[in-house]
Amino acid sequence: MTATFHGVRGSTPCHGSDIVRYGGNTSCVSLQIPGADPILLDLGTGLRYFGAMQPIGKPFRGTCLLSHLHWDHIQGLPFFAPLLTHGAEVKIHAPSQDDGTTVEKVFGDTIRPPLFPIHLAMLPGKISYSEVGDSEFVIDGAGAGDIHVMSRVIPHVGRTVGYRIDWNGVSIAYISDHQQPCDGSLVASEGALELCRGVDVLIHDAQYTPEEFARKCDWGHCTVDFAVWLAAEAGVERLALFHHDPAHDDDMMDRIVSEAVVAGKAMGVDVFGAAEGITIAVGS
Ligand SMILES: [Zn+2]
Ligand SMILES: [Zn+2]
């Protein structure tokens, strides 16, 4: 299994000569298992670039594991060019909403005039939806066999889930947005620990420095230190710092990542900073 980062920013896309090394697109990661259709983790603006890499002429088929419905995690969907082809299919798993509104209705109410030129349902490709909470389900990997998925509700702002994907003895967890307790304590929910326990790779929220967290402690995110602690606590092999704050330029990111690498090493976790365009092998 490989994971490719197409967008690694949190909150809002950003650009400029000072962020070119980590990139400015919002959350989107693709997982590729040989013989299986791609699995997308979120649909942020990085999705447009994943779409541009897809072969022309063969209708796209894939699955999305969506963490939640905040803009930075869905904004790429109307610009996903493979949906302009008849026969294309994307199945979106997303958290059910507290007020009972279906995920299909949320998307339909968001991607439509006057907010967007056309209604999402007018795209030639087909989108289907499946709602999740604390769930387990299987994605048919065709020749690659079954792909096991676990979702768990994660503290953030609004209904949010994280995912764990297990296939053929390798595992990856994705928790893009994760509220740390506001007093800064190092405590995680049982669900978050379940997702992370013993995985080969954890992709995790790393939005704030301790100073930023002190000012924004209830904005739904956590510190880099919290991400490293959680990875160590759950026995994670490799941690990808993710959902970088849009105000963090490349030099600041280098400092944050190098400090986290040292902290991770002391706790037995191999840490790196997720950057746009990089592909990693999971579990080998
Ligand atoms: Zn986010
Ligand atoms: Zn969010």
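Read on for an overview of the structure.

The rules behind the values
- Residues numbered from 1 in each chain as written.
- Chains lettered and ligands numbered in written order.
- Predicted model: local features only at pLDDT ≥ 70, side-chain atom pairs only at ≥ 80, totals over all residues.
- Heavy atoms only, no water.
- Helix = DSSP H or I, 4+ residues; strand = E, 2+ residues; numbered from the N terminus.
- Rg over C-alpha atoms; globule rule 2.2 N^0.38 Å.
- Buried < 20%, exposed > 50% of the residue type's maximum accessible area, 1.4 Å probe, protein only.
- Contact = heavy atoms within 4.5 Å.
- Donors = N, O, S within 2.8 Å, 3.2 Å for Na, K, Ca; no water.
- Pairing = 2+ DSSP bridges.
- Tetrahedral: all angles 85-135°; square planar, octahedral: opposite > 155°, others 65-115°.
- Axes fitted to C-alpha atoms, helices over the stretch in contact; angles between N-to-C directions.
- Lys, Arg positive; Asp, Glu negative; His and termini not counted.
- Salt bridge = Lys/Arg side-chain N within 4 Å of Asp/Glu carboxyl O.
- Polar contact = N/O pair within 3.5 Å; in protein donor to acceptor, adjacent residues only side chain to side chain.

Digging into the overall build of the chain
What the chain contains, in helices and strands, is seven helices and 14 strands. Taken over C-alpha atoms, the radius of gyration comes to 18 Å for the chain, in line with the 19 Å a tight globule of 284 residues would show. C-alpha atoms of the chain, sized along the principal axes, occupy 50 × 40 × 40 Å. Burial analysis of the chain (284 residues in total) assigns 55% to the buried set. Taking all contacts inside the chain whose residues are at least 6 apart in sequence as the whole, residues at least 24 apart take part in 68%.

Comments concerning the coordination of the zinc ion (ligand 1)
Protein ligation of the zinc ion (ligand 1) involves Asp72 (OD), His73 (NE2), Asp177 (OD) and His243 (NE2), the donor distances falling in the range 2.1 to 2.2 Å. Of note, the donors binding the zinc ion (ligand 1) are all from one chain and are spaced D-H-x103-D-x65-H.

Considering the pairing of strand 1 (residues 2-7)
With five of its six residues buried, strand 1 lies for the most part within the structure. As paired elements, strand 1 and strand 2 (residues 28-32) share five bridges and run antiparallel to each other. In the strand pairing of strand 2, glycine 7 is matched with cysteine 28.

A few points about helix 6 (residues 224-233)
Counting buried positions along helix 6 gives seven out of 10 residues, so the element sits mostly inside the fold. Within the sequence span of helix 6, burial applies to Val224, Phe226, Ala227, Val228, Trp229, Leu230 and Ala231. On its buried face, helix 6 is in contact with helix 4 (190-196), strand 11 (201-205), strand 12 (238-242), helix 7 (250-267) and strand 13 (270-273). Positive backbone phi, at 70°, marks glycine 235, one or two positions downstream of helix 6.

Structural notes on the coordination of the zinc ion (ligand 2)
Protein ligation of the zinc ion (ligand 2) involves His68 (NE2), His70 (ND1), His156 (NE2) and Asp177 (OD), the donor distances falling in the range 2.1 to 2.7 Å. Around the zinc ion (ligand 2), the four donor atoms are arranged such that angles at the metal cover 85 to 173°; this shape is classified as irregular.

With respect to the sheet that holds strand 14 (residues 279-281)
Ordered in space as 6-5-4-3-2-1-14, the seven strands form an open sheet in which the pairing is mixed. The two strands at the open ends of the sheet, each matched to only one other strand, are strand 6 (126-132) and strand 14. Recorded for the sheet is a direction-independent mean angle of 20° between the axes of neighbouring strands. Pairing of strand 2 with strand 3 (residues 39-41) involves three bridges; the strand directions are antiparallel. When the sheet's bridge partners are listed, leucine 31 is paired in strand 3 with isoleucine 39.

As for the side chain of arginine 9
Tracing the backbone shows arginine 9 in the loop between strand 1 and strand 2. Buried and unpaired, arginine 9 has no salt bridge, with aspartate 250 as the nearest side chain of opposite charge at 4.7 Å. Of the polar contacts made by the side chain of arginine 9, one reaches the backbone oxygen of glycine 23; its length is 2.7 Å. Within the local environment of arginine 9, its side chain forms a polar contact with the backbone oxygen of aspartate 245, the two atoms lying 2.9 Å apart.

Structural notes on the sheet that holds strand 7 (residues 135-140)
As summarised here, the arrangement of the seven strands in space is 7-8-9-10-11-12-13, forming an open sheet in which the pairing is mixed. The open sheet has two edge strands with one neighbour each: strand 7 and strand 13. Across the sheet, the axes of successive neighbouring strands diverge by a mean angle of 20°, strand direction being ignored. One ladder, built from four bridges, connects strand 12 with strand 13; its direction is parallel. Within strand 13, the position partnered with arginine 238 by the bridge is aspartate 270.

Points about the pattern of salt bridges
All told, the structure shown has 10 salt bridges when counted by the stated rule. Measuring nitrogen to oxygen at the nearest pair gives 3.9 Å for the salt bridge that ties glutamate 89 to arginine 61. Taken as a pair, glutamate 89 in strand 5 (residues 89-95) and arginine 61 in strand 4 (residues 61-65) lie far apart in primary sequence, 28 residues in all. Owing to a relative accessible area of 35%, glutamate 89 belongs among the partly exposed residues under this scheme. For arginine 61, a relative accessible area of 46% corresponds to the partly exposed category. Close ionic contact of arginine 197 with glutamate 190 constitutes a salt bridge, the shortest N to O distance being 3.5 Å. The exposure class assigned to glutamate 190 is partly exposed, which follows from its relative accessible area of 47%.

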